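Here is how the chains run, residue by residue.
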Amino acid sequence: MGHYAAVWEDKAATEITKDWNGIDQVLLRNPHGASAKISLHGGQVISWRNDQGEELLFTSNKAIFKHPKSMRGGIQICYPQFGDCGSLDQHGFARNKVWVIDENPPPLASNESFGRSFVDLLLKSSEEDLKQWPHSFEFRLRVSLAIDGDLTLISRVRNINGKPFSFSFAYHTYLSVSDISEVRVEGLETLDYLDNLSKRELLTEQGDAITFESEIDRTYLRSPKVVAVLDHERKRTYVIGKEGLPDTVVWNPWEKKSKTMTDFGDDEYKSMLCVDGAALERPITLKPGEEWTGKLMLTAVKSSFCFDQLELQSKGF
């Protein structure tokens, strides 16, 4: 299973525990004190802490921790459908399934292993899945934590069906922020987006950054590989890098919608923001035997502004 590269030979780098439902969770650590926790329920990252022990992902205080319902927060794997744009339940079924640890995954590039604590998970189509979505697949997910605390998720979907199939996908990422009214998103300026609050009307971003004063649910099309979320009050910037994911979803439910969500506190919209790497506008189509890869890279830095291209290049963005 997942391990830490030889640069840090510590058997405590990876630990497996069980949650209150008896489902395995994998805890990854790095030598500086950062950590990530992944639940086999949904292949969901449910915690990401920096070397100061600060939680970087949002989880609702009213989240329901009961299989098969997904937990509101962390990083959800939305597959083979995002949202309600299809015949399946909201965000597809992958986030509601129990994954298994993949002991012998096909190899990834060496730089995806060296100096990282990681775990490989696997989800295969079940008979139940085939009844609602009749396509056979293998979904492999690697979650890794680097020495500098960066978190990376790599998804690989292979078509083991006898015919092509198409799907949409997103890493539904709940970031923890101090105060949504003090947050701005940079990197999506001048882009076209679908306004999901107005029947997916196609509009163009007019501001020099995205700021928040009301509910927002937008899919930015053909977005750049790097987006920054600036949290001025915490003097923290999240840098979100992505590959194989042409779109970016930005979502905050604001006050009115929050009060309609049973697994979300009335005022919790103030302390969270979803910024998702996604493939939505043009569904991914795989021929028999073909494989798709989608990668998400998250960095959190102590700064009121950090969009330094040299630093991003050094991290592989």
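From a predicted model like this one, the values you see are computed outputs, not experimental measurements. (Residues numbered from 1 in each chain as written. Predicted model: local features only at pLDDT ≥ 70, side-chain atom pairs only at ≥ 80, totals over all residues. Heavy atoms only, no water.)

(A) Structural detail: the overall build of the protein chain. Scanning the protein chain from N- to C-terminus turns up three helices and 19 strands. The C-alpha radius of gyration computed for the protein chain amounts to 19 Å, which stays within 12% of the reference 20 Å derived for 317 residues, consistent with globular compactness. Per-residue burial over the protein chain gives 56% buried out of 317 residues. Considering only contacts within the protein chain whose residues lie at least 6 apart along the sequence, 66% involve residues at least 24 apart. (Helix = DSSP H or I, 4+ residues; strand = E, 2+ residues; numbered from the N terminus. Rg over C-alpha atoms; globule rule 2.2 N^0.38 Å. Buried < 20%, exposed > 50% of the residue type's maximum accessible area, 1.4 Å probe, protein only. Contact = heavy atoms within 4.5 Å.)

(B) Local environment of the environment of G187. With respect to the element layout, G187 can be found in the loop between β11 (183–186) and β12 (192–195). Put simply, G187 and K225 are 38 residues apart on the chain and 9.0 Å apart in space, counted from C-alpha to C-alpha.

(C) Region of interest: the pattern of salt bridges. If you walk through the whole model with that rule in mind, you get 17 salt bridges. Between K259 and E255 there is a salt bridge, and its shortest N-O distance comes to 3.5 Å. E255 sits in the partly exposed class, given a relative accessible area of 36%. When salt bridges with common partners are traced through the structure, they connect D102, K124, E138 and R140 into a single cluster. (Salt bridge = Lys/Arg side-chain N within 4 Å of Asp/Glu carboxyl O.)

(D) Main features of the sheet that holds strand β7 (residues 116–124). Read across the sheet, eight strands follow the order β6-β7-β8-β9-β19-β16-β15-β11 without closing on themselves; strand pairing throughout is antiparallel. In the strand order of this sheet, the two ends are held by β6 (100–101) and β11, each with one partner. Pairing geometry for β11 and strand β15 (residues 226–231), over four bridges, is antiparallel. For R184, the partnering residue across the bridge sits in β15 and is L230. (Pairing = 2+ DSSP bridges.)

(E) Representation of the confidence of the model for the protein chain in the model. In this model, the protein chain carries an average pLDDT of 89, and 91% of its residues clear a pLDDT of 70 or more. For the stretch residues 3–12, pLDDT sits under 50, and the model shows 26 contacts to residues farther than four places along the chain or on other chains. (pLDDT = per-residue confidence, 0-100.)

(F) Examining the pairing of strand β13 (residues 201–204) more closely. Relative to β13, β12 runs antiparallel, the two sharing four bridges. Directly across from L194, in β13, lies its bridge partner L202. Counting the residues that bridge the hairpin from β12 to β13 gives five residues, and of these K199 lies at a positive phi of roughly 55°.

(G) Seen up close, the UniProt feature "binding site: substrate" (unreviewed entry) in the protein chain. Listed under "binding site: substrate" (unreviewed entry) in the UniProt record, and renumbered for this structure, are R72, Q90 and R95. Spatial clustering of the annotated residues is evident: they stretch over 24 residues in sequence, but the largest pairwise C-alpha distance comes to 12.8 Å. Within this annotated set, the largest pocket is lined by R72, Q90 and R95. Structurally, R72 is set in the loop between β4 (44–49) and β5 (75–78). (UniProt positions renumbered as here; feature names shortened; annotations may be inferred. 1 Å grid on protein atoms, 1.4 Å probe; cavity = no way out; pocket = protein on both sides within 12 Å on 5 of 7 lines; lining within 4 Å.)

(H) Inspection of the layout of surface pockets at higher detail. Of the voids in this model, the largest pocket is the one considered here, and its volume is about 830 Å³. In terms of lining, the largest pocket is formed by 38 residues, of which the most central are F82, G83, D84, Q90 and H91. At the level of secondary structure, the elements contributing two or more residues to the lining of the largest pocket comprise β10 (165–176), β14 (216–220), β17 (247–252) and β18 (272–286). It is β10 that provides the largest number of residues to the lining of the largest pocket, a total of five residues. (Points joined across faces, edges and corners; volume = space filled by probe spheres on them.)

(I) A look at the state of the cysteines. Within this structure, the stated rule accounts for zero disulfides. C274 supplies the cysteine sulfur nearest to C78, a cysteine that is in no disulfide, at a spacing of 9.2 Å. The buried category is assigned to C78, whose relative accessible area is 0%. Owing to a relative accessible area of 0%, C274 belongs among the buried residues under this scheme. (Disulfide = S-S within 2.5 Å.)

(J) Summary view of the packing of aromatic side chains. Summed over the entire model, instances satisfying the criterion amount to 20 aromatic pairs. Geometrically, the ring pair formed by W133 and F165 is edge-to-face, given 5.1 Å between the ring centres and 70° between the ring planes. Taken as a pair, W133 in the loop between α1 (127–132) and β8 (137–146) and F165 in strand β10 lie far apart in primary sequence, 32 residues in all. Using a relative accessible area of 8% as the deciding quantity, one classes W133 as buried. The structure contains a cluster of three or more aromatic residues connected by ring pairs, namely Y79, F93, W99, W133, F137, F139, F165, F167, F169, Y171 and W292. Positioned over the ring face of F118 is R142, at 3.9 Å from the centre of the ring. (Phe/Tyr/Trp six-rings, centres within 6.5 Å; stacked < 30°, edge-to-face > 60°. Lys NZ or Arg CZ within 6 Å of the ring centre and 35° of its normal.)

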